[in-house]
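The chain contents come next:
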Protein chains: 2
Amino acid sequence: MISSIAELISDRIGAMPAGERRAAQTLIANYPLTGLKTVAEFSAAAGVSSPTILRFVARLGFQNYPEFQSALQDELAAQLQSPASRTLDPGSAGGAVSPMLEATLDNMRETFRHLSDKQLADIAARLAERRGKTFLIGGRFTDPLARYMAAHLAIIQPDVYHLAGQESIWRDRLIDMGKRDVLVIFDIRRYQDSLVRFAEKAHHRGVQIILFTDQWLSPIARFARHVIAGRTAVPSAWDSSAALFVVAETLIGAVTRQLEAAGAKRIRDLESLR
Amino acid sequence: MISSIAELISDRIGAMPAGERRAAQTLIANYPLTGLKTVAEFSAAAGVSSPTILRFVARLGFQNYPEFQSALQDELAAQLQSPASRTLDPGSAGGAVSPMLEATLDNMRETFRHLSDKQLADIAARLAERRGKTFLIGGRFTDPLARYMAAHLAIIQPDVYHLAGQESIWRDRLIDMGKRDVLVIFDIRRYQDSLVRFAEKAHHRGVQIILFTDQWLSPIARFARHVIAGRTAVPSAWDSSAALFVVAETLIGAVTRQLEAAGAKRIRDLESLR
DNA sequence: GGAGCGCTGTATCTTATGTTACGTATTTTG
DNA sequence: CAAAATACGTAACATAAGATACAGCGCTCC
C-alpha cells in the first residue's frame, strides 16, 4: 500500500522519462520542501523546464500543481502533528534495508559507549601534536578508511603519508619511521599477517601505533598505544566498517579543531594553490 | 534573541489589533502550515479578510507575502533536515564527541528515510545484473568510498574497476565504456569539475550512472540514472561521508545476496587462489 | 540506416494570486 | 458626548504564477 507521496514517487520513478526522473530525484533529495515552492523554482532546482515539472506532477495522478501542493501540505501537517509517525514502524520496512541500518546504528552506539571522551581526546591530541610524521595504513577492506583519514589529515598538517601498494613498498618506509612518529593502522578480520608483521617491526622502532580494529581485536593490539575497537556485525555477508568510519571522522574533526589556528592558515594556503 | 518566526509572533502578538491577532493565533495553532497556503486560504482560516493577513505579515517585518513564505520554508527546511535539534538535550553531551555521533546517526536515519527499499533494490539489481562492466570513481574525499565499494564488488563479480589517479587516465578508460556498463560516482561538495565533465562524457556514451552525492545534489545528478542523496552536515569543519558509507555497505550487502549462488562459488574460488 | 514515436523546451496565454485604494465601522480620546 | 484616528473589509488592479500549444530533438525499433 502506498501512503505517502514519497513512496508513490519511488514506486513510479523507474517508469519515468529522464527529465521527470530528475524532478523526482530533486524532490526526494530534500523532501518535501522543493514541492512547496513554485513551479519555476522547482524546475530551476531540478534543472528542467516548467512543463516537465507539471508533467511529472500529472504522472503522479494530480490534476494540477496546486492539488499536488495541497497533498504535500496535508502530509506535512500530519507529520508535524505527530512526531511519533516519523520514527518509522518496524513493520513497514520488512525489506532488507532496515535491519542493516538498525544494526549499523547499534554498532555505532555500542562502539562509542566503549570509547571515552578522554580516550578520543588523547588520540586526537597525539595526532595533532606534530613532533614527527604520521603514517596510515589499512588492510584489504579497510585501506579506504586509511586513505579517507589521510586525505583529511594531510590537508591540515604536513608529513602525513598513506602507505599503499605492495607490502615491500611499506617495509621500505620503515626506515623513515622513528619514536616521534605515529602509525595509524586499520585492521579487522580476517587479520592480515602482512600487517601484523609490519606493525611489529614499526613497534620495535619505537613508533606509536593507533589501531582501529573490530571487537575481537587484531593481534596488532599487542603493539598498539591506542586501540579503537569498533562493532562490525551486521546482517550481511560482510563485516561493516561503518562504526570505525565514524570514529575516524570524529577524530578528524577533533584534530582539526585542535589545529584550528595553524590548520586554518594551512587550508587557506592550499586553497590559493589550487 | 528571536530566532524563529513563531517566537517573533508571540513576541508581538500583544501589540496587535484584533484582526491581526486572530491571524496570528490561527497561524500559531497549526504552525507553520497555514502560512504556506495562499493569502485567501489563510484569511478564510482566520476568519478575516486578505488585507488583514497582509498587514499582519507586514507588521512582522516582511516586505511582502512571498518573502514571509520563503522565511517559513527555510525554517521548516532547517527543522526537517536536523531532527536532532528538536530532541537533543544539551546537558548530557558536554564533550565534543557526542554531538558528532548524534549528528551522524541523525544523518543516517534521514538519509534512509529519503531512500525507499525499492530504490535500493533497483540499484542493487542493476549492479548485480552483469551485462557489462562496473566502474567506480570518487572525488577528492570520496574516492576512498569508491575504493571500498570496488574492493567488495570485485570479489563477488568480475569486471569491476576502480578508476584512480590522474584525470587523463580515467578519460582514456571511457573508450571501454558503453551502454551496457554502469558507472558509480561519489561526489559531494565541493563538486569537482573534472568529475562532472567525466560523467557527462560517460553519459553521452550511454553509460548508466549511479550517483552518491549530498543533499544539495552534485550537478552530475543531471546525468544520473539513480541518485542517492546522503546527509553530510555534522558539527565539524568537514562534511561527513558516513551516511553514504552506510548506504554503500547496504548496497554491497544487497548485491551480494542477489549474487549468492554465483558469488559464493566465486568467493570459494578466490579463497583457494590465495 | 531510416521512419516513427516520445520526450523536452520555448513561447504564449490564461488564471488566480497578491497588492492597493478607498469607504465604512469601530474604538479611543479630549 | 463628540470628534478624530485607527482598523477593517470590499472591490478593482497589476503581477506573477500555472497551463497549454507547438516545434525540435533524440531515441528506439524495424
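Note that the structure is a prediction, hence the values are computed from the model and not measured. (Residues numbered from 1 in each chain as written. Chains lettered and ligands numbered in written order. Predicted model: local features only at pLDDT ≥ 70, side-chain atom pairs only at ≥ 80, totals over all residues. Heavy atoms only, no water.)

Student: Would you take a moment to explain the interface of chain A and chain B for this structure?
Tutor: Frequently, the measure chosen for interface size is the accessible area removed from exposure when the parts meet. Contact residues are listed per partner, giving 65 residues for chain A and 70 residues for chain B. Across the chain A/chain B interface, buried area totals approximately 6,200 Å², and carbon plus sulfur atoms make up 61% of it. Inspection of the region where chain A meets chain B yields 0 salt bridges. Inspection of the region where chain A meets chain B yields 18 residue pairs in polar contact (both at pLDDT 80 or more). Of all the secondary structure elements, the ones that give two or more residues to the side of chain A that touches chain B are helix H1 (5–12), helix H2 (18–29), helix H3 (33–36), helix H6 (65–81), helix H8 (97–113), helix H9 (117–128), helix H10 (143–156) and helix H13 (242–258) of chain A. Here the element with the most residues in the side of chain A that touches chain B is H13(A); it accounts for 9 residues. A per-class count over the side of chain A that touches chain B returns 33 nonpolar, 17 polar and 15 charged. (Contact = heavy atoms within 4.5 Å. Buried area = accessible area lost by both parts, 1.4 Å probe. Salt bridge = Lys/Arg side-chain N within 4 Å of Asp/Glu carboxyl O. Polar contact = N/O pair within 3.5 Å; in protein donor to acceptor, adjacent residues only side chain to side chain. Helix = DSSP H or I, 4+ residues; strand = E, 2+ residues; numbered from the N terminus. Nonpolar A, V, L, I, M, F, W, Y, C, P; charged D, E, K, R; others polar.)

Student: Looking at this structure, how should I read the sheet that holds strand E5 (residues 226–230) of chain B?
Tutor: Sheet strands pair by backbone hydrogen bonding; their relative direction is either parallel or antiparallel. Residue and element names in this part refer to chain B. On the basis of which strands lie adjacent, the open sheet formed by 5 strands has the order E2-E1-E3-E4-E5 and parallel pairing. Every interior strand has two partners, whereas the edge strands, strand E2 (160–162) and E5, have only one. Strand-to-strand twist of the sheet, defined as the mean angle between neighbouring strand axes without regard to direction, takes the value 15°. With 3 bridges connecting them, strand E1 (residues 134–138) and E2 associate as parallel partners. Residue threonine 134 lies in a different strand from E2, and its bridge partner there is valine 160. (Pairing = 2+ DSSP bridges. Axes fitted to C-alpha atoms, helices over the stretch in contact; angles between N-to-C directions.)

Student: Even after reading the chapter, I still don't get the nonpolar core, so can you show me in this structure?
Tutor: Most often, soluble globular proteins have nonpolar side chains that are buried together. The biggest cluster of nonpolar side chains holds 82 residues, and the ones touching the most others in it are Met149(A), Phe212(A), Met149(B) and Phe212(B). Here Phe212(B) is in contact with Met149(B), Val184(B), Ile185(B), Phe186(B), Asp187(B), Ile228(B), Leu244(B), Val247(B), Ala248(B) and Leu251(B), once residues within four sequence places are set aside. (Core = buried A, V, L, I, M, F, W, Y, C linked by side-chain atoms within 4.5 Å. Buried < 20%, exposed > 50% of the residue type's maximum accessible area, 1.4 Å probe, protein only.)

Student: Please clarify how the pattern of salt bridges should be interpreted in this entry.
Tutor: Pairing is possible between side chains of opposite charge, provided their charged atoms come close. All told, the structure shown has 25 salt bridges over all chains when counted by the stated rule. Note that Lys133(A) is salt-bridged to Asp181(A), the shortest N-O span being 3.8 Å. Note that Lys133(A) is positioned in the loop between H9 and strand E1 (134–138) and Asp181(A) in the loop between helix H11 (167–173) and strand E3 (182–187), a separation of 48 residues in sequence. Residues Glu20(B) and Arg59(B) are paired through a salt bridge, measuring 2.5 Å at the closest nitrogen-oxygen approach. With Glu20(B) in helix H2 (residues 18–29) and Arg59(B) in helix H5 (residues 50–59), this pair connects stretches of sequence that are 39 residues apart. Residue classification places Glu20(B) among the buried residues on the basis of a relative accessible area of 5%.

Student: Where do I start with the protein's contact with DNA strand C in this structure?
Tutor: Within the structure, DNA strand C sits among 17 residues, and Gly19(A), Thr52(A), Val39(B), Leu54(B) and Asn64(B) are positioned closest to it. Within the backbone of Gly19(A), a nitrogen or oxygen atom sits 2.3 Å from a phosphate oxygen of DNA strand C. Contacts to DNA strand C include Thr52(A), whose side-chain N or O atom sits 2.8 Å from a phosphate oxygen. Elements with a minimum of two residues in the surface near DNA strand C: H2 and helix H5 (50–59) of chain A together with helix H4 (39–46), H5 and helix H6 (65–81) of chain B. The class makeup of the residues in the surface near DNA strand C is 10 nonpolar, 5 polar and 2 charged. (Near = heavy atom within 4 Å.)

Student: I would appreciate a short explanation of empty space enclosed by the protein in the present structure.
Tutor: Left-over empty space is what a probe sized like a water molecule reveals as it rolls over the atoms. One pass over the full model with this rule turns up 7 cavities of 30 Å³ or more. Roughly 80 Å³ of internal volume is contained in the largest cavity. In this structure, the largest cavity is lined by Ile13(A), Gln25(A), Ile28(A), Ala29(A), Thr111(B), His114(B), Leu115(B), Gln119(B), Val227(B), Ile228(B) and Ala229(B). Mapped onto the lining of the largest cavity, the elements with two or more residues apiece are H2 of chain A together with E5 of chain B. (1 Å grid on protein atoms, 1.4 Å probe; cavity = no way out; pocket = protein on both sides within 12 Å on 5 of 7 lines; lining within 4 Å. Points joined across faces, edges and corners; volume = space filled by probe spheres on them.)

Student: Is there a simple way to think about the side chain of Arg126(B) in this case?
Tutor: Residues and elements named next belong to chain B. Position of arginine 126 relative to the elements: it lies in helix H10 (residues 117–128). Take arginine 126: its relative accessible area is 8%, and that puts it in the buried class. If near-sequence neighbours (up to four positions away) are discounted, arginine 126 is found in contact with Arg131, Lys179, Arg180, Asp181, Val182 and Gln208.

Student: Is there a simple way to think about the packing of aromatic side chains in this case?
Tutor: Within a pair of aromatic rings, the relevant descriptors are the distance that separates the centres and the angle that separates the planes. Summed over all chains, the structure comprises 17 aromatic pairs over all chains. Relative to Phe68(B), the ring of Tyr65(B) has its centre 5.7 Å away and its plane inclined at 45°; by these criteria the two rings are tilted. Of the two residues, Tyr65(B) and Phe68(B) both sit in helix H6, 3 residues apart, roughly one turn of that helix. Phe68(B) gets classed as buried once you look at its relative accessible area, which sits at 0%. Their ring planes at 75° and their centres at 5.4 Å tell us that Trp170(B) and Phe198(B) sit as a pair that is edge-to-face. In this pair, Trp170(B) sits in helix H12 (residues 167–173) while Phe198(B) sits in helix H13 (residues 193–204), placing the two residues 28 residues apart along the sequence. Each member of the pair Trp170(B) and Phe198(B) is classed as buried. A network of ring pairs unites the aromatic residues Tyr148(A), Phe245(A), Tyr148(B) and Phe245(B) as a single cluster. Taking the ring centre of Tyr161(A) as reference, the NZ or CZ of Arg173(A) above it sits at 5.4 Å. (Phe/Tyr/Trp six-rings, centres within 6.5 Å; stacked < 30°, edge-to-face > 60°. Lys NZ or Arg CZ within 6 Å of the ring centre and 35° of its normal.)

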